[in-house]
Amino acid sequence: MNPQAKLISTTSLLLGTSITISSNHWMTAWIGLEINTLAILPLISKTHHPRAIEASTKYFLTQATASTLLLFASMINAWFSGQWDITQLTHPMSCILSTVAISIKLGLVPFHFWFPEVLQGSTMTTCLLLATIMKFPPISLFYLTSPSLNSTLLTSMAIASAALGGWMGLNQTQTRKVLAFSSIAHLGWMTIILNYDPNLTLITFYLYTMTTSAIFLILSTTNTLKLSTVMTTWTKIPPLTTIFMLTLLSLAGLPPLTGFLPKWLIIQELTKQELTATATAISLLSLLGLFFYLRLAYCATITLPPNFTNYMKQWQTNKPTNPLTTIFTSLSIMLLPFSPMVLTLS
């Protein structure tokens, strides 16, 4: 891809995200989302592969539909209340339409169908952007409108996302699709607490972004696209394989790693709200995700590939590790003891 075109796309991506998360008016938030959509399309389709073109087409159609619904919801709210302020979402129809629109943009169940396919057709770097930065503007809109949203609808979508993200990730052999369904399951955790403690939704999103970024950077460094190739990457950078296992377990939410913090706080808050059944259901559904994280960790660190006569181990690479990989993996593994400070800052 042309360096100038890549620079324009990246700058537009940051600009669109900044406009949306800092706006109070529905129209400026919508403009930011549109800039985001148009900026990411060249990055998805830059490989000129049929799968990449298909992914960019699916992404464009779903995001255009979601933007149309969001604009329609804001116009209905302005028509009945005279308010274009994002926090003044009062009309019931506008609340439902905006929830549906933002859910499509995020990839929440039952509007998840586009997300795994788009990630499968994109490069690792683009997947990292789609799974992290591109979710920040819709999450911020959810945060601003959280007092007006229907808690029953959000809880139903959250439980369905956690269930489907876990079930569908069990039989995947492509690492990008595994992380796509992992993202859908984590979105369920963020959504279920949105009505009761929106700050906790943001904490969960930040920690998810950090851990997922670490995993995508590791997979990009070792050029791993399938589970079968995960087994052969330990010879490239052996220390990174161990860190990869710990980061996966952190994403699964196992103590004493960082990923345990948001799940612990969400379960605690749901219990305080006397939603013990909901907390129990989403906790049990997280075990589905734990299985495929453990399978990835098992393939990466314990399983050896078949040793045929003509099999050659991969050479240890001299490629320097991205400094961001070191930072994100360290934070993904060792942040739990600092949880009181994280809660104080929030």
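Residues numbered from 1 in each chain as written. Predicted model: local features only at pLDDT ≥ 70, side-chain atom pairs only at ≥ 80, totals over all residues. Heavy atoms only, no water.

Looking at the UniProt feature "domain: NADH:quinone oxidoreductase/Mrp antiporter transmembrane" (unreviewed entry) in the protein
The sites that carry the UniProt feature "domain: NADH:quinone oxidoreductase/Mrp antiporter transmembrane" (unreviewed entry) are, in the present numbering, residues 23-288. Helix makes up 74% of residues 23-288 and strand makes up 0%, while its end C-alpha atoms are separated by 38 Å. (UniProt positions renumbered as here; feature names shortened; annotations may be inferred. Helix = DSSP H or I, 4+ residues; strand = E, 2+ residues; numbered from the N terminus.)

Here we look at the packing of aromatic side chains
Taken as a whole and judged by the stated rule, the model has 7 aromatic pairs. Ring geometry for tyrosine 59 against tryptophan 114: centres 5.6 Å apart, planes inclined by 65 degrees, an arrangement best described as edge-to-face. Of this pair, tyrosine 59 sits in helix α3 (residues 50-81) while tryptophan 114 sits in helix α5 (residues 114-120), and the two are 55 residues apart along the sequence. A relative accessible area of 3% means that tryptophan 114 is categorised as buried. Between tryptophan 114 and phenylalanine 115, the ring centres sit 5.4 Å apart and the planes meet at 80 degrees, which makes this aromatic pair edge-to-face. (Phe/Tyr/Trp six-rings, centres within 6.5 Å; stacked < 30°, edge-to-face > 60°. Buried < 20%, exposed > 50% of the residue type's maximum accessible area, 1.4 Å probe, protein only.)

What about unusual backbone geometry?
Note the cis peptide between valine 109 and proline 110, where omega equals 10 degrees. Along the polypeptide, proline 110 turns up in the loop between α4 (92-106) and α5. For the bond running from proline 255 to proline 256, omega is 5 degrees, close enough to zero to count as cis. The phi torsion at asparagine 223 lies on the positive side, around 55 degrees, for a residue other than glycine. Tracing the chain through its elements places asparagine 223 in the loop between α10 (198-222) and α11 (227-230). At glutamate 274, a position not held by glycine, the phi torsion is positive, near 60 degrees. Glutamate 274 gets classed as exposed once you look at its relative accessible area, which sits at 72%.

Focus on the packing of α10 against helix α12 (residues 238-252)
For the pair α10 and α12, the least separation of the axes is 10 Å and the interaxial angle reads 150 degrees. As far as their axial angle goes, α12 and α10 are roughly antiparallel. Both α10 and α12 take part in a crossing whose hand is left-handed. Within the contact between the two elements, α10 uses Tyr208, Thr211, Thr212, Ala214, Ile215, Ile218, Leu219, Thr221 and Thr222 and α12 uses Leu240, Ile243, Phe244, Thr247, Leu248, Ser250 and Leu251. Across the contact of α10 with α12, the residue classes tally to 10 nonpolar, 6 polar and no charged. (Axes fitted to C-alpha atoms, helices over the stretch in contact; angles between N-to-C directions. Parallel < 35°, antiparallel > 145°, perpendicular 65-115°, else oblique. Left-handed = near helix turned anticlockwise from the far one by under 90°. Contact = heavy atoms within 4.5 Å. Nonpolar A, V, L, I, M, F, W, Y, C, P; charged D, E, K, R; others polar.)

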